Amino acid sequence: MDEEQVVKFVETYLKKKGFKQAELAFHEEVQKNSSANSIKIHSDPDLSNLILSLSKSGDDPAQYHEEYGKLRTWTFNSLDLYKHELLRVLYPVFIHCYMDLVAKGHIQDARAFFNTFREDHEMLHARDLQKLEGVLSPSHIQEMEFAHTLRQSKVNIKMCEYSNELLMQHLRKTKSTTVLGIVNERINFQVSPGQPGLISDDAEVVTLIGTSQDAANKINKKEVHWGLLEDTLEDRLEKAGGLQSDTEKPEGDTKDGEIDDNKKRLAEGGKQGTSVKKSKKDKPAGGSAKARAETIVVPAAPRVKPELPLPVMPAEVEQSILEDLRNRVQLSSTSLPSVSMYTFINTHNSLNCSSISNDGSLVAGGFSDSSLKVWDMAKLGQQASSSTPQAEIDASVEHIQGPNGSKRSYTLLQGHSGPVYSATFSPLGDFILSSSADTTVRLWSTKLNANLVCYKGHNYPVWDVQFSPFGHYFASASHDRTARIWSMDRIQPLRIMAGHLSDVDCVQWHANCNYIATGSSDKTVRLWDVQSGECVRIFIGHRSMILSLAMSPDGRYMASGDEDGTIMMWDLSSGRCVSPLMGHNSCVWTLAFSCEGSLMASGSADSTVKLWDVTSSTKGTTKTDEGKTGNTASKLRSLKTLPTKSTPVYSLKFSRRNLLFAAGVLSKNV
């Protein structure tokens, strides 16, 4: 191989890769150097072969298949100590091999390559593979958001120094120049000295789409004031000595109305309510006393001032809430809640969402025909026949409606021009917000049964909307990759939170109203300051899109549920995952904390409600520093699984008295 060939090959390679500055510098260097000072390429056969292979790399589609196959075999046969780190390289290399083939027009070879090796990545990246399967031409890479983002950003992979050295030695030894080019161009290795990382760290070692770990760490150093607001109703009641558990009350204090109410609610809960009641009876009395003693040990949440001007609560509403707080049932791992399950039937697969008011008296459903329907449980109970369980809601019985609308089993609210994807009741139950594919959010009055305001601002479908804990303000999440904060009295958003790299699928308010959390299809959760609009936390660890969020009542913890059925508990102050909760085998659609924060309920597409002991998973973090939070995962436990017959659970809500309401749609396909 003579020098002219070498120069030609190097220039061709640099031009093909788009390295214009390097090409100019190389061209100047060639002109300056005389033949006497040039490198004798022909005397180094290895270098000669490498340059020759680089110049030809990419021309042969079979090279991608062959080199990736070699890397795959070598990785699976490597030492167990380093295997889990080396396996991390396979998925990004697989993706870019496929897209390189598509970009060069080798569509058939790309499909063959994809189908040959996709099985290796189905378990962890099924959703991404479905999107990638749609990339079938070079134009798709530019037009499709997912593919374009992958091509424009590098993959961040954590790896120890020795694993990195082993990988590079293998690629050079096997002359895998195509894969080597992809590794150099598409992967950013975060190499650390010492021993390989733990296999348990794999949830956050690969960030395919999203903020780099360094940027996330920088954001997570910002201060978060996660405490509760000053002078809350709970504080006032506690100072007055009125906040006590139901077990501490004298037996004679229970009102007849409460007994009847509890009986009615237990009847709604069906078998589930019965089993919970039985489990509480079987537990020794000393257990609940011990549980109460443990909850008292947890330090009180710090107090903060509101950043938003909050609405004044009417005196009669305060009295009603105080009454609920006085009669609240104290829950623990030995005292589980009663559950009232509302089931929609005959919906013909058109129900998209459901919502339950704070006291469980109203239930709303959003439908694909753009309608919003609201059921009053008291009226439904009067109209239902004795053979029909009160918890079952027939969403199609429009024939019951009379001329004046008085006998209709639900209130029909029409105004949207697209499917309704989310609905939420105000804290007092006098308003409902709904979001739709028509890009709008609408405010409805439950007293007037009318649409009051239509909020326009999003450019694409709005997936979720949530009232703040104090009402007046609400947050929305959209396909346009933004979340927005609104107030009821303004038709324009107050804040726009932009930063997610894909749909914002769910949104949740912090207990003190100073922050909102957003979950996205980019597999991250972000925490935003409502006053500044800045992102103050990025939570990385989920392997699929986030579908549900919940904040603990003390404001310290957040739970997030994803499409794979995984729930993660996060410490807001440190930004770390306290503990993953594994148990569901399908999408987690809804999460809810009990009023005192000792339990959490999760509802899933697998037709179950699960109750989790939050105290056991977070107790260790209150006594240890951040560096020891990993030990708490072993303490976590699922307290009870409440299966439905065949009803995927859409929404959960704890009442102020700690009764758990659930809603879902009867499905014959489950």
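Remember, it's a predicted structure, so these values are computed and weren't measured experimentally. (Residues numbered from 1 in each chain as written. Predicted model: local features only at pLDDT ≥ 70, side-chain atom pairs only at ≥ 80, totals over all residues. Heavy atoms only, no water.)

1. Brief notes about the overall build of the protein chain
In terms of helices and strands, the protein chain carries 20 helices and 33 strands. Out of the 670 residues in the protein chain, the part that is buried amounts to 51%. Looking at the protein chain alone, contacts between residues at least 24 apart form 59% of all its contacts between residues at least 6 apart. (Helix = DSSP H or I, 4+ residues; strand = E, 2+ residues; numbered from the N terminus. Buried < 20%, exposed > 50% of the residue type's maximum accessible area, 1.4 Å probe, protein only. Contact = heavy atoms within 4.5 Å.)

2. Topic: the packing of helix α6 (residues 90–103) against helix α12 (residues 177–186)
As a packed pair, α6 and α12 sit with axes 10 Å apart at the nearest point and diverge in direction by 110°. On the basis of the axis angle, α6 is roughly perpendicular to α12. Between α6, through V93, H96, C97 and D100, and α12, the contact on the second element is made entirely by V179, I182, V183 and R186. Split into classes, the residues belonging to the contact of α6 with α12 amount to five nonpolar, one polar and two charged. (Axes fitted to C-alpha atoms, helices over the stretch in contact; angles between N-to-C directions. Parallel < 35°, antiparallel > 145°, perpendicular 65-115°, else oblique. Nonpolar A, V, L, I, M, F, W, Y, C, P; charged D, E, K, R; others polar.)

3. Here we look at the packing of aromatic side chains
Considering all chains together, one arrives at 18 aromatic pairs under this definition. Residues F94 and F113 carry aromatic rings whose centres are separated by 5.5 Å and whose planes lie at 20° to one another, so their mutual orientation is stacked. Placement of F94 in helix α6 and of F113 in helix α7 (residues 107–117) is noted, with a sequence separation of 19 residues between them. Among the residues examined, F94 registers a relative accessible area of 0% and is labelled buried. Ring pairs connect the aromatic residues Y68, F94, Y98, F113, F114 and F117, which therefore count as one cluster. (Phe/Tyr/Trp six-rings, centres within 6.5 Å; stacked < 30°, edge-to-face > 60°.)

4. Examining the sheet that holds strand β11 (residues 411–414)
Across the sheet, four strands lie side by side as β7-β8-β9-β11; this open sheet has antiparallel pairing. The open sheet has two edge strands with one neighbour each: β7 (351–356) and β11. Between one strand axis and the next, the sheet turns through 20° on average, direction left out of account. In this sheet, strand β9 (residues 371–376) lies alongside strand β8 (residues 362–367) in antiparallel orientation, the contact comprising five bridges. Its bridge partner lying in β9, L362 is registered against D376. (Pairing = 2+ DSSP bridges.)

5. Considerations on the UniProt feature "repeat: WD" (unreviewed entry) in the protein chain
The UniProt feature table records "repeat: WD" (unreviewed entry) at residues 344–377, 413–445, 455–496, 497–538, 539–580 and 581–622. The span residues 344–377 carries 3% helix and 59% strand; its end-to-end C-alpha distance comes to 13 Å. In this annotation, residues 413–445 is assigned 0% helix and 61% strand; the end-to-end C-alpha distance for the span is 10 Å. (UniProt positions renumbered as here; feature names shortened; annotations may be inferred.)

6. Observations concerning α12
Taking burial as the measure, the ten residues of α12 include eight buried ones, the bulk of the element. Looking at α12, one finds that the buried residues are T177, T178, V179, L180, G181, I182, V183 and R186.

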